[in-house]
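Coordinate analysis (summary)
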Amino acid sequence: MAQAASKTCEVCVSAPGSHYCIDCEEYYCENCKFVHNRQKLSRNHQFQKASDSIPEGKSRCSVHKEELSLICNTCNAQICTRCVTEKKHNGHTFSQIVDVIVQLRGDNETKLRGKINEANKKIKKIEESLNVFGNSVESVIKAINDEGNMIKRMVDKSVDQIIVLVKEQSKKEKDKLMNMLSDAKSVLVGGHTLDRKRNELDKTRQDGSLVQKINNLKEEIDKLHINSLPEFPNISFSRKSVAEDDIRQLIGTYNISNCAPVLEKKEQRHGHLYRCSGCGREKFIPFGDK
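For the structure given in this document, a descriptive report is provided here. Computed from a predicted model, the values in this text were never measured in an experiment.

1. Let's talk about the sheet that holds strand β2 (residues 19-21)
Reading across the sheet, the three strands line up as β3-β2-β4 and stay open at both edges, with antiparallel pairing between neighbours. Looking at the sheet topology across the chains shown, the edges are occupied by β3 (26-28) and β4 (47-49). In this sheet, neighbouring strand axes are inclined to one another by 35° on average, regardless of whether the strands run parallel or antiparallel. In this sheet, β3 lies alongside β2 in antiparallel orientation, the contact comprising three bridges. By the bridge assignment for β3, Y20 is matched with Y27. Where helix α1 (residues 30-38) meets the sheet, its contacts fall on β2, β3 and β4, and the angle it forms with β3 comes to roughly 110°.

This is the structure:
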C-alpha cells in the first residue's frame, strides 16, 4: 500500500482528484465520480478517499502486460486471457480467478462454521457434564454425611476423611473437564479470529494476490484442532453393612469412574486391605470374599 500524494481528477483534469476508483486505478473529482457511478459498466466500481492509502495496482502478465484474470488448472498458474492461446497451454482447462476466490471463500466459510459449531456443541456438553457431575458430588457428600450422622460421634473422624477424599478426587476430575473446556474455548476464540480475517478478505479486491491470502487462511483453519470428548466421570455412593472390626466399613464407599483399588497389604488378621492408587480410598475384603 502506498500513500497517495495530492492528485488531479484524471477525467476532467481540472478539479482535485479526491476519490480513487480501485477498479479503474484512477483519481476522480466529486462530479466525475458521480458520473462514473451512473454508467452501466462502472456502476459497481469501488471508491475510496484519495487521502487514504492507495492499494497496489492489479497483478499483470509479465509477457502480455494484461491483467491476470485466469488460473490454468493444469499448470496451477495465474495467466491473462492472451496466454490461453499460447502453445504451452494447449488442451489445458482454465478458471476465472474470481470464481476460484468464490469457491475458496465458500469452502473456508463452510469448514470454519463446522468447526465453530462443533466447538460450541462440545463446550455445551462439557458444561452440562460439569453441572451434573457437581450435583452428583454434592449428593454423594450429603449421603456420606447422612450415613455418618447415624453413627454419630464414633465415626465423625472417618466421615471427614472420606469427604476429603471425595472432594480431592472430584476436583481432579473437574480440573480435567475445566482444561478440556478451556481448550475448546480457545478453539472457539481462534475460530472467531479467523472468521474476522475471512470477513476482511471478503472486502479485498479480487485479484491474484488474494488467492494466496485465502489459501493461507485455509491452512490456519485446518490447524484448528478439536479434541474428541473422553468418557465423562461419574460418581456414586454404595452403602455397606455395619462391621464392628472396621469402623470405616460402617460409612460406605464411593466410586468415581476409572477408580480401581489395588492390593495394599496381605495377610491381615481378618482379610486383605486394598488401597486405590488414584484416590487413596481403602477397601477391606475379608478372607473368603471376592
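2. Some remarks on the sheet that holds strand β7 (residues 77-79)
Strand order in the open sheet formed by three strands is β7-β6-β8, with antiparallel pairing between adjacent strands. Here the strands that pair on one side only, and so sit at the sheet edges, are β7 and β8 (94-96). On average, each strand axis in the sheet is inclined to that of its neighbour by 35°, with strand direction left out of account. The sheet contacts of helix α2 (residues 97-151) involve β6 (70-72), β7 and β8, and relative to β8 the element is tilted by about 75°.

3. Overview of the nonpolar core
If you look at the biggest cluster of nonpolar residues, it comprises 26 residues, and the most contacted ones within it are I101, L112, I126, L194, V211 and I214. Mapped onto this core, the elements with two or more residues apiece are α2, α3 (156-202) and α4 (208-223). The greatest single-element share of this core, amounting to ten residues, is contributed by α2. If we skip the residues at most four places from it in the chain, I214 touches I101, L104, R105, N108 and L201.

4. Topic: the pairing of strand β9 (residues 235-238)
Side chains I235 and F237 of β9 all project onto a buried face; the interleaved residues S236 and S238 project onto a face where none is buried. Inspection of the sheet shows β9 paired to strand β10 (residues 253-256) by four bridges, in the antiparallel sense. Pairing of F237 across the sheet is with Y254, part of β10.

5. Remarks on α1
Buried within α1 are the following residues: C32, K33 and H36. All buried residues of α1 project into a common sector of 105° when viewed along the axis, lining one side. What points out from α1, more than 90 degrees from its buried face, is the exposed set N31, F34 and R38. Taken together, the buried residues of α1 touch β2, β3 and β4.

6. Some remarks on the side chain of E173
Looking at the element boundaries, E173 is found in helix α3. With sequence-adjacent residues up to four places away left out, E173 is seen in contact with F133, P233 and I256.

7. Describing the pattern of salt bridges
On inspection of all chains with the given rule, the structure shows eleven salt bridges. Among the ionic pairs, E220 bridges to K197, the shortest N-O distance being 3.1 Å. In this pair, E220 is assigned in helix α4 and K197 in helix α3, connecting sequence segments 23 residues apart. The network of salt bridges with shared partners includes R105, E109, R113, D195, R198 and D202.

What counts, and at which threshold
Residues numbered from 1 in each chain as written. Predicted model: local features only at pLDDT ≥ 70, side-chain atom pairs only at ≥ 80, totals over all residues. Heavy atoms only, no water. Pairing = 2+ DSSP bridges. Helix = DSSP H or I, 4+ residues; strand = E, 2+ residues; numbered from the N terminus. Axes fitted to C-alpha atoms, helices over the stretch in contact; angles between N-to-C directions. Contact = heavy atoms within 4.5 Å. Core = buried A, V, L, I, M, F, W, Y, C linked by side-chain atoms within 4.5 Å. Buried < 20%, exposed > 50% of the residue type's maximum accessible area, 1.4 Å probe, protein only. Arc of directions from axis to C-beta. Salt bridge = Lys/Arg side-chain N within 4 Å of Asp/Glu carboxyl O.

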